[in-house]
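Residue strings, one per chain:
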Amino acid sequence: MSGDNAEQREIEAEQSYVDTVYERLDASAKVARSLVVEGMARGHVGNEGGLVERDAMVYQASKRLSALNAAHDGLVFGRLNMLNGESRYIGRIGVRDADREILLIDWRAPAAALFYQATAQEPAGVIRRRVLRCSNDQVIGIEDDLLDGDNAPDDMVVIGEGALLASLTRARDSSMHSVVATIQKEQDEAIRAPARGATTIGGGPGTGKTVVALHRAAYLLYTDRRRFESGGVLVVGPSSVFMSYIERVLPSLGETSVTLRSLGEVVDGLRAARHDDPVAAAAKGSSRMVKFLARAAAAPSPGAPSSFRYFYKDDVLRLDAQQLERIRRQLLAGSKRNRAYAKVPSALVDALWRQVRGERALEKGQEGFVETITTDDRFVDFVEQWWPPVEPIEVWRMLPDLIDQLAQGAFNAKEIAALKESWASEEPSIQDVPLIDELRYVIGELPDSGDDDDDNPKQLMSFERREREERVDRFRSTQSIEDDSFAHVLVDEAQDLSPMQWRMLGRRGRHASWTIVGDQAQSSWPYPQEAAAARRSALEGKPEHAFRLSTNYRNSAEIYDLAAKVAAVAVPDPDLAEAVRRTGESPQHHTVAESELADTVRRSAEEILGRVEGTVAIVTPRARLEPLRAELADVLSRHADRLRLLDGLDTKGLEFDGVVVVEPDGITDESSAGWRTLYVVLTRATQLLTTVGTTDRWSSRIA
Ligand SMILES: Nc1ncnc2c1ncn2[C@@H]1O[C@H](COP(=O)(O)OP(=O)(O)OP(=O)(O)O)[C@@H](O)[C@H]1O
């Protein structure tokens, strides 16, 4: 009997079990669908109770239906044969038969933990672990691990070389996939760690930190759905490219209620995708920004009048610059700028009333004065010009004009020049987003326009103000500060967070548990100590539980050997991983004249595209990105479905079957974190890696 026949027979046997599970899944979907219909019908009953009941019923049934639909593809993926003869099937969700007997165990349930935790050294009652490879509802392959050969029955069949290896050699496409069938023991421990304080997941490149963290989010939702679904789970990653790379993992695990944001999109209403140059980025990320922003938020608006004169009956009432400044300070001492807005008219009116001496005015009394002045356009216009309500984006736009005067030595001349240059753009960069968020908190929100406060001049909106409001509308935060917080915050590539970014996330995770994923050797933030202090403040003393992943599942050993040498230059004590796969393909290096660079890159990319099935990236220093985009336009458009051109920072967290690295010396020279960026770039390739440079200082340095 050939091995193929044995596999075929096993597949058929498994298929009949899988069919039974699908029949039940379909039956449950039918029930959920009919509940949706029934719920809708209750809405026609005509009383309010009927409507509430309908909403709850339709909501629950629809949620169940979408979970069932999401789980459909590859529903059953694992089976354990236990020492006691029992068989346990593991799947994306739990399914029971008509008698409530378990047919399929949800991968997150305690009973499924053995599937991930049993090893040949510690089989824990498992004889054989089987992974079923499925296409939709069809079993197409089997991969077995025999964990306890001594106790296996004689007729037990063992097929395949193990599911992990099979899954690692697959071609990469543009999305990350769930690894639910092949989660490894050390990964499973991090996934199932309780949601207390901050769980940190460290380890070298390709060890599965991202994919593990995403499975952890799904696990947390499963274990405490009420808390995490209503409180919200926020997943933050470095770039929008990265977010679209990972966005399918959670829905494929049936979880759609998680908020995924890149660092440029954490604040509602803002979508930044541009990085600043390293000098401006480092200055904007530094906690030295905090005081400058506080001063900027308190500074008078540009063009604000510095005095006010008002004729009332027989008096000329005046507020000069000094008096106005005193009132400003008093108002700001009591509340945030926008919150104080409602108190401005009465503060001014009080100061003016104190000057009233004329008999006619005194006779009419203070109330009469208040009524006259607060309905007088001259006063209303003055209030609006002197203390306009401001949006954070407006203060952000003033920063280049304020920095000379308000930096108070916090930034050097080179930093100030770089900041001003970066702020010449109307569009905030990724590094501006935490600054704008900081301003949201320092300035405070405007009192609700629904506060029918007589003092509130908002109702008297001038034409200029309306025009200005339109200009900021595009960048207005669509959410109130109170709604910023989440029940769980998951930060990926956390080694790159600047102090200002930690502050931004800290504000969202005050009452949250956290999962923090990172690898210091891949950091592009130049001042680790400052970031560590900001991280401590963001976590506010929450207890930390550390997990470390040790196996690199991404790179071939040949590629990782090279990258590890770069890591040794990049940081004193890199956390290196162990690469498990050898391909026999060593990285290729070309050193060429400048005139031949683009052609060599094109040829290298084409060669790799011909040899791998999946995605390929050309990675370049930032300065070469746009020129190369023009020079390589032909090949980029011919292979638009699987070839990308990126700069080093944008490759964070991604992976490709093949990578062409352009001018490694340019990447190392780009910033003080350049060697670490080169380490990141070299660890993106699963199979083939080529470098093309006009110089090769980097390779002499690691030789
Ligand atoms: N248990 C597993 N089974 C199958 N594939 C896995 C497993 N763990 C990780 N991988 C794969 O290894 C690759 C690297 O995973 P991931 O991107 O999560 O690593 P990382 O540690 O976040 O890497 P980096 O630090 O470089 O961003 C992915 O393709 C992932 O699917």
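Calculation rules
- Residues numbered from 1 in each chain as written.
- Predicted model: local features only at pLDDT ≥ 70, side-chain atom pairs only at ≥ 80, totals over all residues.
- Heavy atoms only, no water.
- Near = heavy atom within 4 Å.
- Polar contact = N/O pair within 3.5 Å; in protein donor to acceptor, adjacent residues only side chain to side chain.
- Areas by Shrake-Rupley, 256 points an atom, 1.4 Å probe, with all protein chains shown as cover.
- Nonpolar A, V, L, I, M, F, W, Y, C, P; charged D, E, K, R; others polar.
- Pairing = 2+ DSSP bridges.
- Helix = DSSP H or I, 4+ residues; strand = E, 2+ residues; numbered from the N terminus.
- Axes fitted to C-alpha atoms, helices over the stretch in contact; angles between N-to-C directions.
- Contact = heavy atoms within 4.5 Å.
- Parallel < 35°, antiparallel > 145°, perpendicular 65-115°, else oblique.
- Left-handed = near helix turned anticlockwise from the far one by under 90°.
- UniProt positions renumbered as here; feature names shortened; annotations may be inferred.
- Buried < 20%, exposed > 50% of the residue type's maximum accessible area, 1.4 Å probe, protein only.
- Expected span 1.5 Å × (residues − 1).
- Core = buried A, V, L, I, M, F, W, Y, C linked by side-chain atoms within 4.5 Å.
- Domains from an automatic or database assignment.
- Phe/Tyr/Trp six-rings, centres within 6.5 Å; stacked < 30°, edge-to-face > 60°.
- Lys NZ or Arg CZ within 6 Å of the ring centre and 35° of its normal.
- Salt bridge = Lys/Arg side-chain N within 4 Å of Asp/Glu carboxyl O.

A.B. asks: Looking at this structure, I do not really get the site of the ligand. What am I missing?
C.D. replies: Lining the immediate surroundings of the ligand are 26 residues, of which Thr 182, Lys 209, Arg 554, Glu 655 and Arg 684 lie closest. Separating an oxygen atom of the ligand from a side-chain N or O atom of Arg 684 is a distance of 2.7 Å. Taken by itself the ligand offers 630 Å² of open surface, and the protein chains cover 99% of this. A class-by-class count of the residues in the shell around the ligand yields eight nonpolar, eleven polar and seven charged.

A.B. asks: Sorry if this is basic, but what is going on with the sheet that holds strand S21 (residues 685-693) here?
C.D. replies: Each strand in a sheet pairs with another by means of backbone hydrogen bonds, the pair being arranged parallel or else antiparallel. Taken in spatial order, the five strands of this open sheet run S17-S21-S20-S18-S19, and their pairing is parallel. Among the strands making up the open sheet, the edge pair consists of strand S17 (588-591) and strand S19 (643-647). Across the sheet, the mean angle from the axis of one strand to that of its neighbour is 20°, orientation sign disregarded. Packing against the sheet, helix H24 (residues 594-611) makes contact with S17, strand S18 (616-620), S19, strand S20 (656-662) and S21, and its axis sits at approximately 165° to S21.

A.B. asks: Explain the packing of helix H19 (residues 433-443) against helix H21 (residues 499-508) to me, please; I cannot follow it from the model alone.
C.D. replies: A pair of packed helices is captured by two measures, namely the crossing angle of their axes and the spacing between those axes. Between H19 and H21, whose axes approach to 8 Å, the crossing angle comes to 50°. Compared by their axis directions, H19 and H21 come out oblique. Crossing of H19 over H21 shows left-handed handedness. Of the residues in H21, those in contact with Val 433, Pro 434, Leu 435, Asp 437, Glu 438, Arg 440 and Tyr 441 of H19 are Met 500, Gln 501, Arg 503, Met 504, Arg 507 and Arg 508. Here the contact of H19 with H21 is built from residues that sort into six nonpolar, one polar and six charged.

A.B. asks: Any chance you could explain the UniProt feature "binding site: ATP" (unreviewed entry) in the protein here in plain terms?
C.D. replies: In the numbering used here, UniProt assigns the "binding site: ATP" (unreviewed entry) feature to Gly 203, Gly 204, Pro 205, Gly 206, Thr 207, Gly 208, Lys 209 and Thr 210. Residue placement: Pro 205 occurs in the loop between strand S7 (198-203) and helix H6 (209-223). Those residues in contact with Pro 205 that sit more than four places away from it in its chain are Asp 519, Gln 522, Asn 552, Arg 554, Tyr 560, Ala 577, Tyr 679, Thr 683 and Arg 684. Assignment of secondary structure puts Thr 210 in helix H6. Of the residues examined, Thr 210 reaches a relative accessible area of 11% and is grouped as buried.

A.B. asks: Would you explain H24 in this entry?
C.D. replies: Structurally, the α-helix is built with 3.6 residues per turn, so residues lying three or four positions apart point the same way. Between its first and last C-alpha atoms H24 spans 26 Å; for 18 residues at 1.5 Å apiece the expected length is 26 Å, and the two agree. Residues of H24 that are buried: Leu 597, Ala 598, Thr 600, Val 601, Arg 602, Ser 604, Ala 605, Ile 608 and Leu 609.

A.B. asks: I would appreciate a short explanation of H19 in the present structure.
C.D. replies: Along H19, ten of the eleven residues are buried, which leaves the element largely enclosed by surrounding structure. Looking only at H19, the buried set comprises Val 433, Pro 434, Leu 435, Ile 436, Asp 437, Glu 438, Leu 439, Arg 440, Tyr 441 and Ile 443. Its buried side turned inward, H19 meets helix H10 (278-285), helix H11 (289-298), helix H13 (337-340), helix H17 (392-406) and H21. One or two residues past the end of H19 sits Gly 444, with phi positive at roughly 80°.

A.B. asks: For this particular structure, what's the right way to read the side chain of Gln 15?
C.D. replies: Positionally, Gln 15 belongs in helix H1 (residues 3-42). Within the structure, the side chain of Gln 15 is placed 3.0 Å from the backbone oxygen of Asp 137, a separation counted as a polar contact. Excluding residues that lie within four positions of it along the chain, Gln 15 makes contacts with Asp 137, Gln 138 and Val 139.

A.B. asks: Hey, could you run me through the nonpolar core in this one?
C.D. replies: Grouped burial of nonpolar side chains is what soluble globular proteins tend to show. Membership of the largest hydrophobic core comes to 79 residues, with the highest contact counts inside it found for Trp 107 and Leu 682. Residues Ala 198, Met 289, Ile 393 and Leu 399 belong to the second largest nonpolar core, which totals 52 residues.

A.B. asks: Sorry, what's going on with the side chain of Thr 668 here?
C.D. replies: Residue placement: Thr 668 occurs in helix H27 (residues 664-669). Setting aside anything within four residues of it in sequence, one finds Thr 668 in contact with Gly 674, Trp 675 and Leu 678.

A.B. asks: I keep staring at the domain arrangement of the protein and nothing clicks. Help me out?
C.D. replies: Each assigned domain of the protein is listed with its residue range as follows: domain 1 (3-170), domain 2 (198-273 + 482-552), domain 3 (308-386) and domain 4 (557-702). Each of domain 2 and domain 3 has a C-alpha centre, and the two are 49 Å apart.

A.B. asks: Explanation requested: the packing of aromatic side chains in the structure shown.
C.D. replies: For any pair of aromatic rings, the description consists of the separation of the ring centres together with the inter-plane angle of the planes. Applying the stated criterion across every chain, the model contains 14 aromatic pairs. With centroids separated by 3.8 Å and ring planes inclined at 15°, the aromatic side chains of Tyr 17 and Tyr 89 adopt a geometry described as stacked. With Tyr 17 in helix H1 and Tyr 89 in strand S2 (residues 87-91), the pair connects residues that are 72 residues apart, well separated along the chain. The buried category is assigned to Tyr 89, whose relative accessible area is 6%. Taken together, Phe 308, Tyr 310, Phe 379, Phe 382, Trp 386 and Trp 387 form an aromatic cluster joined through their ring pairs. Taking NZ or CZ as reference, Arg 507 lies 4.8 Å from the ring centre of Tyr 441, over its face.

A.B. asks: I keep staring at the packing of helix H12 (residues 321-334) against helix H14 (residues 344-353) and nothing clicks. Help me out?
C.D. replies: At a minimum axis distance of 11 Å, the contact between H12 and H14 shows a crossing angle of 140°. Taken together, the axes of H12 and H14 are oblique relative to one another. In terms of crossing hand, the pair formed by H12 and H14 is right-handed. Contacts between H12 and H14 involve Leu 324, Ile 327 and Leu 331 from the first element and Val 344, Ala 347, Leu 348 and Ala 351 from the second.

A.B. asks: What's the story with the pattern of salt bridges in this structure? I'm lost.
C.D. replies: For side chains of opposite charge, pairing can occur when their charged atoms come near one another. Taken as a whole and judged by the stated rule, the model has 52 salt bridges. Between Asp 561 and Arg 582 there is a salt bridge whose closest N-O contact spans 3.5 Å. Remark: Arg 582 occurs in the loop between strand S16 (578-581) and S17 and Asp 561 occurs in helix H23 (residues 557-570); sequence separation between them is 21 residues. Taking the relative accessible area as the measure of exposure, Asp 561 reaches 40% and is therefore partly exposed. Between Asp 665 and Arg 697 there is a salt bridge, with its nearest N and O atoms 4.0 Å apart. With Asp 665 in helix H27 and Arg 697 in helix H29 (residues 697-702), this residue pair connects regions lying 32 residues apart in the sequence.

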